[in-house]
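Analysis of the macromolecular model
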Amino acid sequence: MNNFIQRIVVGTGLILFFLSVNTCTNESLKVTDPNRLTPDTFWQSGEDAEQAIVGAYGPLTTIQGWGRMLGAILTIHRSDIVDTNPQPNVYDIGTFTLTPNDARVNEGWSELNAIVARTNQVLENVPNIEMDETRKSEIMGEAYFLRGFAHFYLVNMWRNIPLLTTAITSADELNVEQADPSAVWDNIISDFTEAQSRLPDEWPESDVGRATWGAATAMLGKAYLYQENWSSAAVEFKKVMDSGLYELVDNYQDNFMAETNNNAESVFELQYQSTPNGNWGRSGTPNPMRGQAWEPDIAPPGFTSQQSVTINDWVFDLFTEEQTNAGETDPRAYATLLWNYPDAKVYQENFDEAFSGDNLNKVFVRKYLNFDRTSSLTPGSWAYSDNNRRMIRYADVLLMYAEAENEANGPSSAVYDAINQVRQRVNMPDIQSGLNQSQLRQEIRDERVLELALEGDRVLDLLRWGVMADRFTNNPELRENAGMNFQAGKHEYLPIPQQDMDSNPKLVQNPGY
């Protein structure tokens, strides 16, 4: 375990209640021990600053963060790639039957807001600490990055959110109105710009997992992309491409295996730790689980205690409609999907022996499953796996650059070169030359599925492209397992948790809920 992971595991338990305030609820405003440190006695030394920034990373890898809820239930399960089965209070998000009382929605919202609260404390207090100025600036950069990162997902998943940029010192300060989304986006761009100016290119091996210049630059480009500021997005992505810091790894599947965590393609990666004896709970819970805990939600039936998911037919068709230069199936298909092909394995069993009946003809998830195990829960528990989540890969940067450049300037050699780099890694033929802007746009969108399926951004892509409602309402087969419940003007965004609606009278619920 590197030193950074150890500090998250141990150090976040030492962060006091004033770093754990949820920005939109009163629930966590509790002093657990009046004899321990307080805001008046904390923030005295460089070590206090180090401890505080580690605490700000903490919510990313809990069960309620990207360990499970944000990593799958609230993102992957809402996309058109998977078809979820109904399971009350778990898969109701994916079947679009959720309500504001859904606990999973509240958990993801709370962890993101905890990051905002903790980074606000860092940004307000660390400047006053006497410590090494270079390290102080880096800590500030990490805080700006994490706050921008949290707001990025909050505004994309809930849209109408409060924008808190100062430290909360009392419960009354939590009763704020929601901000115009444009103001949130302005703050996100400002935060990533500030982070970019402060963060190093890389960290010592003991601190791998901290935000870097490349992570800030890629997220700044992504924020511009989502705001359709194509030229600015392309400029930022090109900086990453020209930096020489990242490259595509030879083996595509190395991006989804624990033994190849933190490889040369990883721009920002969440550092999981195997915690089978951890506790179920949010960051701040004593010894919270910090493993990759969403594997049981996507593992095939018979290999999980959950209802599982299937891959929609259009995804399988996209993977198999074109062959490599050697006349073979795109190798990304085998790393992403599970189906009944010769010698196919599911964990330690042969696919055609593990399944029978209709399941023999279904397509399941392969990406991020750990085939060194016998199932998604054995050995260990929900938090057994330390297979890191790659939040930004260099391949994604190349595809986002291709999209931004195509939208800004139309088809060009730069667009073709970026997308073809991604395809050449897996020996797929180059994109057909001579396409117009619209045709190339569709090629880029399809390539994002082939390269990035099940990594969490598909639902955000559908939303920013303005096609989410059309995609679901006109294609009921995408939710064949549970029926089509999608309502345009409602299910594009998640509801504001009812707990927050009850505690803050200034909040307005999202449309339709």
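What counts as what
- Residues numbered from 1 in each chain as written.
- Predicted model: local features only at pLDDT ≥ 70, side-chain atom pairs only at ≥ 80, totals over all residues.
- Heavy atoms only, no water.
- Helix = DSSP H or I, 4+ residues; strand = E, 2+ residues; numbered from the N terminus.
- Rg over C-alpha atoms; globule rule 2.2 N^0.38 Å.
- Buried < 20%, exposed > 50% of the residue type's maximum accessible area, 1.4 Å probe, protein only.
- Contact = heavy atoms within 4.5 Å.
- Areas by Shrake-Rupley, 256 points an atom, 1.4 Å probe, with all protein chains shown as cover.
- Lys, Arg positive; Asp, Glu negative; His and termini not counted.
- Charge placed at Lys NZ, Arg CZ, Asp CG, Glu CD.
- pLDDT = per-residue confidence, 0-100.
- Polar contact = N/O pair within 3.5 Å; in protein donor to acceptor, adjacent residues only side chain to side chain.
- Pairing = 2+ DSSP bridges.
- Phe/Tyr/Trp six-rings, centres within 6.5 Å; stacked < 30°, edge-to-face > 60°.
- Lys NZ or Arg CZ within 6 Å of the ring centre and 35° of its normal.
- Expected span 1.5 Å × (residues − 1).
- Axes fitted to C-alpha atoms, helices over the stretch in contact; angles between N-to-C directions.
- Parallel < 35°, antiparallel > 145°, perpendicular 65-115°, else oblique.
- Left-handed = near helix turned anticlockwise from the far one by under 90°.
- Nonpolar A, V, L, I, M, F, W, Y, C, P; charged D, E, K, R; others polar.
- Core = buried A, V, L, I, M, F, W, Y, C linked by side-chain atoms within 4.5 Å.
- Salt bridge = Lys/Arg side-chain N within 4 Å of Asp/Glu carboxyl O.

**Overview of the overall build of the chain**
Broken down by element type, the chain carries 18 helices and eight strands. Relative to the compact-globule value of 24 Å for 513 residues, the chain shows a C-alpha radius of gyration of 22 Å, a close match. Taking the principal axes of its C-alpha atoms as reference, the chain extends roughly 65 × 45 × 45 Å. Across the 513 residues in the chain, those meeting the buried criterion constitute 61%. By sequence separation, contacts in the chain at least 24 residues apart represent 72% of the contacts at least 6 residues apart. A total of about 18700 Å² of accessible surface is found on the chain, and carbon and sulfur atoms cover 43% of it. In the chain, 38 positive and 72 negative side-chain charges are present, and the distance between their average locations comes to 3 Å.

**As for the confidence of the model for the chain**
A residue-level look at the chain finds 93% of positions with pLDDT of 70 or above and a mean pLDDT of 93. At the low end of the mean pLDDT range in the chain sits helix α1 (residues 3–11), at 58; at the high end sits helix α7 (residues 213–226), at 99.

**As for the environment of R390**
Here R390 is to be found in strand β8 (residues 389–393). What makes R390 buried here is its relative accessible area of 1%. For the pair R390 and G284, spaced 106 residues apart in sequence, the C-alpha to C-alpha distance is 24 Å. In contact with R390, not counting residues within four places along its chain, are D254, N255, F256, M257, T260, N261, N262, S266, F268, E269, Y368 and E455. From its side chain, R390 meets the backbone oxygen of T260 in a polar contact 3.0 Å long.

**Quick notes on the pairing of strand β2 (residues 266–270)**
β2 sits mainly inside the fold: five of its five residues count as buried. Pairing analysis gives four bridges linking β2 to β8, with the strands arranged antiparallel. Within β8, the residue paired with F268 across the bridge is I392.

**A closer look at the packing of aromatic side chains**
Per the counting criterion, the structure on display carries 30 aromatic pairs. Members of the aromatic cluster, each reached through a chain of ring pairs, are W66, F145, F149, F152, Y153, W185, F192, Y226 and F268. Directly above the ring of F371 sits R366, whose terminal nitrogen or CZ lies 3.7 Å from the centroid. In this structure, R471 packs its charged tip against the face of W314, placed 4.6 Å from the ring centre.

**Notes on unusual backbone geometry**
Here T378 and P379 are connected by a cis peptide whose omega angle stands at 0 degrees. Within the element layout of this structure, P379 appears in the loop between β7 (364–365) and β8. For Y347, which is not a glycine, the phi torsion comes out positive at approximately 55 degrees. The topology assignment puts Y347 in the loop between β5 (345–346) and β6 (349–350). Using a relative accessible area of 2% as the deciding quantity, one classes Y347 as buried. Phi at N427 is positive, roughly 65 degrees, even though this residue is not glycine. Looking at the secondary structure, you find N427 in the loop between α14 (413–425) and α15 (437–452). Classification of N427 by relative accessible area gives partly exposed; the value is 35%.

**Notes on α7**
Under the 1.5 Å per step criterion, the end-to-end length of α7 is 20 Å for 14 residues, consistent within 8% with the ideal 20 Å. Directly beyond the C-terminal end of α7, a positive phi value near 60 degrees is found at E228.

**As for the packing of helix α5 (residues 133–157) against α7**
Between α5 and α7, the least distance of the axes is 11 Å, while the angle of their chain directions is 30 degrees. As the angle between them shows, α5 and α7 are arranged roughly parallel. Here α5 runs over α7; the crossing is left-handed. The residues of α7 that touch α5, namely those facing F145, F149, F152, Y153 and N156, are A215, A216, M219, K222, A223 and Y226. When its residues are assigned to classes, the contact of α5 with α7 shows nine nonpolar, one polar and one charged.

**Examining the environment of E236**
Counting through the fold element by element, E236 comes out in helix α8 (residues 230–242). Each C-alpha atom, one on E236 and one on M219, is 8.8 Å from the other, the two residues being 17 residues apart in sequence.

**Digging into the nonpolar core**
W66, F145, F149, W158 and F268 are the most contacted members of the largest nonpolar core, which totals 115 residues. Once residues within four sequence positions are removed from consideration, W66 is found in contact with L60, G71, L112, F149, Y153, L270, Y272, W294, R389 and M391. Within the second largest apolar cluster, 37 residues are counted, among which are V82, V309, W339 and Y347.

**Concerning the packing of helix α4 (residues 103–125) against α5**
How two helices sit against one another is set out by the angle between their axes and by the gap between those axes. α5 packs onto α4 with a crossing angle of 150 degrees between their chain directions and a minimal axis gap of 9 Å. Relative to α5, the element α4 lies roughly antiparallel. α5 is crossed by α4, and the crossing has left-handed handedness. Facing W109, L112, N113, I115, V116, T119, N120, V122 and L123 of α4, the residues of α5 in contact are I139, M140, A143, Y144, L146, R147, A150, H151, Y153 and L154.

**Section: the pattern of salt bridges**
One pass over the full model with this rule turns up 33 salt bridges. Across the pair E265 and R393 runs a salt bridge whose closest N-O atoms are separated by 2.7 Å. Of the two residues, E265 sits in the loop between α8 and β2 while R393 sits in strand β8, which places them 128 residues apart along the sequence. You can call E265 buried: its relative accessible area is 0%. R423 serves as the salt-bridge partner of E447, at 2.8 Å between the closest nitrogen and oxygen. In this pair, E447 sits in helix α15 while R423 sits in helix α14, placing the two residues 24 residues apart along the sequence. There is no split in this pair, since E447 and R423 are both buried.

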